Amino acid sequence: MPEAISLTQFLIEEQRARQHLPADLRLLIEVVARACKRISIAVGKGALGGVLGDAGTGNVQGEAQKKLDVLSNEILLQANAWGGHLAACASEEMEDPQPIPDVYPKGNYLLLFDPLDGSSNIDVNISVGTIFSVLHCPDDVTHPAAEHFLQPGTAQVAAGYAVYGPSTVLVLTLGHGTHVFTLDRELGSFILTTRNVRIPADTKEFAINMSNRRHWDAPVQRYIDELLAGRDGPRGKDYNMRWVASMVADVHRILTRGGVFLYPWDRKEPDKPGKLRLMYEANPMAFIVEEAGGAATTGRERILDLVPTALHQRVPVFLGSKNEVDVATRYHLDADEAR
Ligand code: P6P
């Protein structure tokens, strides 16, 4: 059994190897990882923790909040308040960014997160997770407002997610590969279990909510119908389908064995470009996936290149095995050119 490398050791080695990892960014990653451990403990208690069910409140998305949504958000805010590494946080659960309290020193980074993605699955004991993204706080900005967060995905300095499943896994990129850590519950440490994970370029597995088929635009309907046609169809091979309805779980499966994940625009809410949020779901997942050799587009353009216009803006998401994402994107581009 090779020597176990903890997240802390990995980050210190990254700091030495590349000097691209400032000490306060390393501190930020370790603080977020510790917060994810606390969330994992709360999620793991299930019905015994008295935190299942609805909180009786709604978030800025107009979604009913689960008790664990609110608790996870609080855990991340409290963990990051005092360290002096952050200027402000933004969350799916909060309409406006939350500045670091003036009683504490402010740092150079902005942290965005979906504190508990897939929370509709909590009450039925299906994997959920935390997604986070780290940006530089613009110079000379001491009280960041929403517009200071509106940076393209290419500006991210780090991104990651935790999956609270059979094991608790932390996936992290600092812009030099994507790495997987598994929580050793006896030690209480995240241990490096895969360095430089790579997504296979091709796949036979797709993830999409098929119940929305009648609401998709024609290129998506055509693309999915061709996957369903299997070896007798134009793709010449049979495909399998998985849909957990927890983005972190679906993306982690794709990171682990390949696949393509789609949440396209649909006519159910035609005024919204998609269901998933750009700043704290699509951008961090796109960074993670691209650093693992995959691809992430809106069905027309690279997600990381988008210039955000609003903190909670939504975006269509096609991500995963590069060759499959390219095919799915090409269907939209061909349809656009044919118009
Ligand atoms: P649907 C969870 O609510 C989420 O934001 C993502 O984690 C997930 O991929 C998607 O929505 C599931 O959406 O429409 O299948 O419930």
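Residues numbered from 1 in each chain as written. Predicted model: local features only at pLDDT ≥ 70, side-chain atom pairs only at ≥ 80, totals over all residues. Heavy atoms only, no water.

## Re the overall build of the chain
Line of reasoning, step 1. Secondary structure summary: the chain contains eight helices and 15 strands in total.
Line of reasoning, step 2. Its C-alpha atoms give the chain a radius of gyration of 20 Å, near enough to 20 Å, the size a compact globule of 339 residues would have.
Line of reasoning, step 3. For the chain, with 339 residues in total, the buried portion stands at 55%.
Line of reasoning, step 4. For the chain, long-range pairs separated by at least 24 residues make up 63% of all intrachain contacts whose partners lie at least 6 apart in sequence. (Helix = DSSP H or I, 4+ residues; strand = E, 2+ residues; numbered from the N terminus. Rg over C-alpha atoms; globule rule 2.2 N^0.38 Å. Buried < 20%, exposed > 50% of the residue type's maximum accessible area, 1.4 Å probe, protein only. Contact = heavy atoms within 4.5 Å.)

## A few points about the layout of surface pockets
Line of reasoning, step 1. Volume-wise, the largest pocket comes out at about 420 Å³.
Line of reasoning, step 2. Contributing elements (two or more residues each) for the lining of the largest pocket: strand 2 (64-66), strand 5 (109-117), helix 6 (247-257) and strand 13 (260-263).
Line of reasoning, step 3. A per-element tally of the lining of the largest pocket places strand 5 first, with three residues.
Line of reasoning, step 4. The residue inventory of the lining of the largest pocket, partitioned by class, reads eight nonpolar, six polar and 11 charged.
Line of reasoning, step 5. Counting the residues that make up the lining of the largest pocket, at least three belong to each of domain 1 (7-194) and domain 2 (205-338).
Line of reasoning, step 6. Considering only enclosed or pocket space, the second largest pocket measures out at about 250 Å³ in volume.
Line of reasoning, step 7. If you go around the second largest pocket, you meet 15 residues; those closest to its centre are Val43, Gly44, Asn125, Ile126 and Tyr164.
Line of reasoning, step 8. Among the elements that line the lining of the second largest pocket, the one with the most residues is helix 2 (residues 23-45), at three residues.
Line of reasoning, step 9. Across the lining of the second largest pocket, the residue classes break down as seven nonpolar, seven polar and one charged. (1 Å grid on protein atoms, 1.4 Å probe; cavity = no way out; pocket = protein on both sides within 12 Å on 5 of 7 lines; lining within 4 Å. Points joined across faces, edges and corners; volume = space filled by probe spheres on them. Nonpolar A, V, L, I, M, F, W, Y, C, P; charged D, E, K, R; others polar. Domains from an automatic or database assignment.)

## Observations concerning the pairing of strand 1 (residues 54-58)
Line of reasoning, step 1. Note: strand 1 against strand 2, two bridges, orientation antiparallel. Across the sheet, Asp54 pairs through a bridge with Lys66, a residue of strand 2.
Line of reasoning, step 2. Hairpin remark: strand 1 followed by strand 2, antiparallel, with five residues in the connecting loop; positive phi at Gly62, about 80°. (Pairing = 2+ DSSP bridges.)

## Some points on the domain arrangement of the chain
One frequently used descriptor of interface size is the decrease in accessible area upon assembly of the parts.
Line of reasoning, step 1. Considered domain by domain, the chain is made up of domain 1 (7-194) and domain 2 (205-338).
Line of reasoning, step 2. For domain 1 and domain 2, the distance between their C-alpha centres works out to 24 Å.
Line of reasoning, step 3. Across the boundary between the two partners, domain 1 contributes 48 residues, which contact 30 residues of domain 2.
Line of reasoning, step 4. Carbon and sulfur atoms supply 64% of the area buried between domain 1 and domain 2, which totals about 2800 Å² over both sides.
Line of reasoning, step 5. Viewed at the interface, domain 2 and domain 1 are joined by one salt bridge.
Line of reasoning, step 6. Linking domain 1 to domain 2 there are 15 residue pairs in polar contact (both at pLDDT 80 or more).
Line of reasoning, step 7. Those elements that provide at least two residues to the side of domain 1 that touches domain 2 are strand 3 (86-91), strand 5, strand 6 (128-136), helix 4 (146-149), strand 7 (158-164), strand 8 (168-173) and strand 9 (178-184). (Buried area = accessible area lost by both parts, 1.4 Å probe. Salt bridge = Lys/Arg side-chain N within 4 Å of Asp/Glu carboxyl O. Polar contact = N/O pair within 3.5 Å; in protein donor to acceptor, adjacent residues only side chain to side chain.)

## A short note on the environment of Thr154
Line of reasoning, step 1. Here Thr154 lies in the loop between helix 4 and strand 7.
Line of reasoning, step 2. With a relative accessible area of 46%, Thr154 lands in the partly exposed category.
Line of reasoning, step 3. Between the C-alpha atoms of Thr154 and Val244, which are 90 residues apart in sequence, the distance is 28 Å.
Line of reasoning, step 4. When residues no more than four places from it in sequence are discounted, the contact partners of Thr154 are Arg302, Leu304 and Asp305.

## What about the site of the ligand?
Line of reasoning, step 1. Close contacts around the ligand come from 13 residues, with Asp117, Asn209, Trp243, Met247 and Tyr263 the closest.
Line of reasoning, step 2. Asn209 is positioned with one of its side-chain polar atoms (N or O) 3.0 Å from an oxygen atom of the ligand.
Line of reasoning, step 3. A distance of 3.0 Å separates an oxygen atom of the ligand from a polar side-chain atom of Lys275.
Line of reasoning, step 4. Surface burial for the ligand is 84%, taken as the share of its 400 Å² of free accessible area covered by protein chains.
Line of reasoning, step 5. Considering only residue class, the shell around the ligand consists of six nonpolar, three polar and four charged. (Near = heavy atom within 4 Å. Areas by Shrake-Rupley, 256 points an atom, 1.4 Å probe, with all protein chains shown as cover.)

## Section: the UniProt feature "domain: Fructose-1-6-bisphosphatase class 1 C-terminal" (unreviewed entry) in the chain
Line of reasoning, step 1. Here the UniProt feature "domain: Fructose-1-6-bisphosphatase class 1 C-terminal" (unreviewed entry) sits at residues 199-331.
Line of reasoning, step 2. The span residues 199-331 carries 35% helix and 12% strand; its end-to-end C-alpha distance comes to 22 Å. (UniProt positions renumbered as here; feature names shortened; annotations may be inferred.)

## With respect to the sheet that holds strand 7
Line of reasoning, step 1. Taken in spatial order, the eight strands of this open sheet run 4-3-5-6-7-8-9-10, and their pairing is mixed. Only two strands of the sheet have a single partner each, and these edge strands are strand 4 (98-99) and strand 10 (189-194).
Line of reasoning, step 2. Contacts between helix 6 and the sheet are confined to strand 5, strand 6, strand 7, strand 8 and strand 9, with strand 7 contributing the most and set at about 105° to the helix. (Axes fitted to C-alpha atoms, helices over the stretch in contact; angles between N-to-C directions.)

## What about the sheet that holds strand 14 (residues 295-297)?
Two modes of strand pairing occur in sheets, parallel and antiparallel, and in both the strands are linked by backbone hydrogen bonds.
Line of reasoning, step 1. Spatially, the five strands line up as an open sheet ordered 12-11-13-15-14, and their pairing is mixed. Here the strands that pair on one side only, and so sit at the sheet edges, are strand 12 (240-241) and strand 14.
Line of reasoning, step 2. The pairing of strand 14 with strand 15 (residues 317-320) spans three bridges and is antiparallel. Bridge pairing in strand 15 places Ala296 opposite Leu319.
Line of reasoning, step 3. Packed on one face of the sheet, helix 6 meets strand 11 (205-207), strand 13 and strand 15 and runs near 35° to strand 15.

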